[in-house]
Structure formats: structure tokens, C-alpha cells
Amino acid sequence: MYRCTLGAPLARAATRCIARAASSASHVPNKHRAVLDALTPAAAAAPGSAAHHHKAALTSLPPALNQALAHVLNAADGPRIRTGAVRIFDSLRSTSGILDPAPGRAAPPRLMSLANPDRVLTPHHVAYDADLVPAYLAARMPACYAAAERALAETYSKLGTPDHAPRTVLDLGTGPGTAVWALRCVERDMGVEKPADVTAVDVNRAMLDAARALGAQAGLDAGVTFAEFLPANPNARFDLSIASFLFSEVEDPALRASLLRSLWSLTDGTMVIIDRGTPRGFKRLVEIRDWVLAQDDATILAPVRRSYSCRCALPTGPNLLSPTQCPHMKTCPLSTGGRDWCHFAQRLERPPEMQKTKHAKTNLEDVKFTYLVVKKSAPSLVPTNSAALWPRVLGPPLKRGGHVLLDVCTPSGNAERIVVAKSMGKDAFKAARKLGWGDQWPFGAKAAMPGRGIARSRDDETVVAEDKKKKDGGKQDKTKKLLSGESRRKATRLDEEVLVAAKEPAPAVAAPAPVVEPSVPAPAPAAESAESAASPKTAAAAPGRRSRLAKRKEINEALAKRKEINEALAKRKEINEALAKTKLSDAE
């Protein structure tokens, strides 16, 4: 695993320099010195050395694991891997939560199958047999590794020095051992001398066989025991318990509750839950979080990244750069029917097998995930000047010209959108623009807007009504702009002429018996219709605002009615002239 905020090309260049220099750092160029410091275990273990990493660094599979993955996949059939990967992606898309119905809302969109574009997806899971496991290794395992590595790195950073690292670890639902290999890399980066003893449990034998093959080929299986069942010893306890992408695959609520109780009872230190960054994955995590909050011996440590630090003035106080806990121990503000969910992103450098299987044009992928780190200890009071009371950023900063918008989760248990203005100072403004997804914000805000941004609820009738009013007003302004100037004056004059012509009374003339008056359409209904179509009062009372096309259509209808009225008036004029000639001839 190589972590660097300067990008993958520079990290790879520094890696080549390290390889050429063997074990000596004297031959590394100065421009790569910072990258070398970030890659060495000593720098990673030093407290506060990586605190300037504001954004999620690039993660890639370690070379040994990458080679082991290629070796295992070489024995599989390539076309069958692609076909199995499409089946897996269909299953993941169907169970993401987008298809879940919501009361009082519009019907969810229909998702079409990737394997069969004519078939509509329905929520389903796939059974990972011996034929489908290679597809999982090629298409899904690297992404799960990136999320597990990020969550475990955060966990180990909160546990303190390498001397406090867990000695026994339980990985429930290990699959191909993804979280185990991520744990081994985190231990190496943190400078842990003796790796922990890991018990990896999974009921799928095909997955366990793949995990054994990967571990043996990569040389990472030392101290790892694979099993199909949980330990039978009632006194078994583990310093660290992991459940990686497990609960979103279990649909039965009773089974999920049983797994959670068993995992918590076997935990003697810290429990880490990792799941997909989808609405359903977040829903599963909220269930676990609510259950944990009901316990008396639980403290939520994450999700949160390291405390914010940069080369600028920070608020003073003790423990400002120490690992911090979750902003609050209350109900998650995004779990109350909002339009968004709490998740994070980790950039992954795809291995060649994954890029080939997904037919991707680039080797970079942003893995979306959500996670929870819980410590089995009674909640303790946090000092008022502690970094634990800083808000946590829930999404990428929205950078504007003179200000930055941040969606944060506050220690009070609310989600707000805050404004960081340039007038707050150069340091605060620069720090806001460099914030990463999941960082903490210590500088305060120029203004705070509760219920906006990510915290906005879809069911908030007031907000929806305000948005609709603004949207309708925008349509009206657009219509006025399109009909402004000469075109608008012509339309007004045309409406006035039509009204005058329609309201003009017909002359009363008694026709003699010999003359047969042709049938003339009565102008009164036309005048009434034209008046109702062009009346400003009717237009103002109609619901909604008319678009430009609707206005043009009404004008065309008014022109057609005006033409009919003119034809009727012309015929009436001919009749009057004929009557006048008849009277003149009678008089002579």
C-alpha cells in the first residue's frame, strides 16, 4: 500500500528510487524525499507525521498481493470471469437501495440488467460458487481492499502507538481474506513488530479456498487461521473484531441481529464495521449504530479522519492533534429520511486484471464505502477544548469565488451547511479549500444554515414549497425575458386589437324578404373566447406559469379568431352594400 497526496506517478517514481537505492536513502533525489518519508514505516508511525494529509491518498494493492491475484486468475477462464463480473454488478446494483420504495414519493427508477439490457433488475443476491469466485477476485476484491485498508488505518491511528496494537483479531465474513490482507499492510505501515493472530471465518468454502491460495502465494498467511464457524469456546475474546461488507449481504433482520450480538460478545476491545457506500449499506450501518448506542459499554470512535493540521495558525489547546472520536454519540442526523447518506470515498489504483474485467479506460476508481469503529468502553466526557468537538465534513467542499460551502456534522448532533468566507482570514479560507472528505473543521464559520445541503430532507414541505416557488419565479423571469422588448410589445398590441375587434357591436339592419342573408358566425362567442384567452386576469389566476411555447400558441389562436372576425365583418359589409343598392333601386 502506497499512500501519497502528490499523486500516483510521483509515488511510483519514488518507489523506483527506493528499489534502486536498495536499503539506503542517500541516493534518492531531493524532489522525492517527501514521498520517501511518507512511504517509510518510521514516518507512518511517527505521531502527527501524516497529519497534513487532508485528502484521501491513493491506495493500491501491495506488489505481493497483486502478483498473487494475477497468479490465481491466470488459471481461470477470461470470458467466464467477465460474465460472472456482470452478474455480480447486477446483484450489487439491485441491492444498493435505489430500488427501495418510499411512501409518499415518486416511483424509483427502473434499472436495466447489464447482462440482459431488456430485463428490469429486481433485488437479488448471487451465490459465490467456485465459478463465480474468480470474477469476484477480479472485479470486486480490490475495491473492498481499499475500503478496508482506509477504515483499519483510521482504527490503528486511534489506538495509539504500535505497542497498543491488537494481538488477536476476528474477521467475520472474511470472503477471500480481503480485510486480513489490508490488516497486514496496515500493521506494516504502523511499524507493528509482531503481527496479530487472525481468525478468519466464512461459511463459503469456495471463498475460503481462494483466501488460502492468495495468502500462501503472497506470503501473508502467517498467523492466520481460516474456519467455517465461530469459536466454540465461550470464553473466546478478540482485541479487534471486523465485519467487512457482511451485513448488506444478509437480508434477514433476525439473522443480522444475531450476527451483531455474537460479534459484540466476542469483542474485547474494538469493533470495525465496513459496508458499501449505498443507501442500503448506510441503512444497515445505522441499525448497528443505534443498537450500539443502546449499550452502556460502547464509545463510537469513527467515522472521522485525523484531526485537522496544516502549516497555519490553529486554535490552541490540549490534544488538538490527537486521534479524535465521532463528533457525537446521538442519533445520526442523516438517518431520518434525508436525501443523502453518510459515506466516504477512497481512490484506488486498479490492478490490470480489474481494469480489464470492467472494460475501464482508466486505472483509477473512487470506492464509495461507509464504516463504523466502536470501542468497548464506557463513554467518557470530552473536554470542551478537545478536537473531538470539531465538526466533521460530510462531503467534498463546494468552492466558490469568495467563500467555501461545507456540509458538516456538528457535535450537537445536527447536519448543517456552513459558510467559510474569505473575510475570516487567509489561513481559514485556504484550509477550507484544502479540506478532504471526512476531515474535521476547527475554524468556525461565517454563517450556518441548518437543514440545507446534505442535511436537507425530502419530506420537508416548507423547503420543497420554497424551492418550487423559486423555480416557478425563475420560469416567469425566463418567459418575460424571452418576450421582452419589441416581441412583447407586439404581443400586447395584438391582444388589444383582438379584444377591440371582438367587442365591436354589429350594426342592426332589417333585411327585406326577397334577400336571403347568408349564415354568418356569431361574433359573440368568439369574442367571449378571445377575451377569456387573452384576459390578463385569467392568465394570472391560472395555476403555474406559461412557457414561451404556450404563449406563442395562445397568440396564434387569437390571430385565427381575429381572422374569422374580420371575414365575418367583411361579409356583413357586403350584405349592407347589397341592401343599400336594393333600397336605392326601389326609391328610383
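Look up: the structure comes first, before these words.
Remember, predicted model here, so these are calculated numbers, not experimental data.

A. Highlighting the overall build of the protein. A tally of regular secondary structure across the protein gives 18 helices and 14 strands. Relative to its 588 residues, the protein shows a buried fraction of 44%. Relative to all contacts within the protein whose residues are 6 or more apart in sequence, the contacts with residues 24 or more apart total 76%. On the protein, roughly 30,400 Å² of surface is accessible, and the fraction owed to carbon and sulfur atoms is 55%.

B. Geometry of the side chain of Glu 187. Tracing the sequence through the fold places Glu 187 in helix H8 (residues 178–190). The contact partners of Glu 187, leaving out residues within four places of it in the chain, are Tyr 156, Val 192, Pro 195 and Ala 196.

C. Layout of the pattern of salt bridges. Tallied over the entire structure, the rule returns 13 salt bridges. Taking the shortest distance from any N to any O, the salt bridge between Arg 350 and Glu 365 comes out at 2.8 Å. Placement of Arg 350 in the loop between strand S8 (344–349) and helix H12 (352–357) and of Glu 365 in strand S9 (residues 364–375) is noted, with a sequence separation of 15 residues between them. Here Arg 350 and Glu 365 have matching classes, each one buried. Connected through shared salt-bridge partners, Glu 251, Arg 280 and Arg 284 make up one network.

D. Broad picture of the pairing of strand S3 (residues 197–201). Most of S3 is tucked away: four of the five residues are buried. Here strand S2 (residues 168–172) runs beside S3; their pairing, made up of five bridges, is parallel. Residue pairing in the sheet places Leu 172 in a bridge with Val 201 of S3. After leaving S2, the chain enters H8 and then returns to the sheet as S3, a path that is right-handed. Pairing between S3 and strand S4 (residues 224–227): four bridges, direction parallel. When the bridges of S4 are listed, Ala 200 appears paired with Phe 226. Viewed along the sheet, the connection from S3 through helix H9 (residues 205–218) into S4 turns out right-handed.

E. Geometry of the environment of Leu 69. Here Leu 69 shows up in helix H4 (residues 63–74). Judged by its relative accessible area of 0%, Leu 69 falls in the buried class. Taking the C-alpha atoms as reference, Leu 69 lies 8.5 Å from Ala 218; in sequence the two are 149 residues apart. With residues near it in sequence (within four places) discarded, Leu 69 still touches Leu 61, Leu 137, Met 141, Pro 142, Leu 214 and Pro 351.

F. Representation of a positive patch on the surface within the structure. A cluster of basic residues, Lys 399, Lys 422, Lys 426, Lys 430, Arg 433 and Lys 434, forms a positive patch on the protein surface. With three residues, helix H13 (residues 426–433) is the single largest residue contributor to the positive patch. Inspection of the secondary structure puts Lys 434 in the loop between H13 and strand S14 (447–450).

What counts and how
Residues numbered from 1 in each chain as written. Predicted model: local features only at pLDDT ≥ 70, side-chain atom pairs only at ≥ 80, totals over all residues. Heavy atoms only, no water. Helix = DSSP H or I, 4+ residues; strand = E, 2+ residues; numbered from the N terminus. Buried < 20%, exposed > 50% of the residue type's maximum accessible area, 1.4 Å probe, protein only. Contact = heavy atoms within 4.5 Å. Areas by Shrake-Rupley, 256 points an atom, 1.4 Å probe, with all protein chains shown as cover. Salt bridge = Lys/Arg side-chain N within 4 Å of Asp/Glu carboxyl O. Pairing = 2+ DSSP bridges. Right-handed = clockwise from strand over helix to strand, strands pointing away. Patch = residues over 30% accessible without salt bridge, like charges linked within 9 Å, V, L, I, M, F, W, Y side chains within 5 Å. Lys, Arg positive; Asp, Glu negative; His and termini not counted. Charge placed at Lys NZ, Arg CZ, Asp CG, Glu CD.

Geometric values such as these leave the question of function open.
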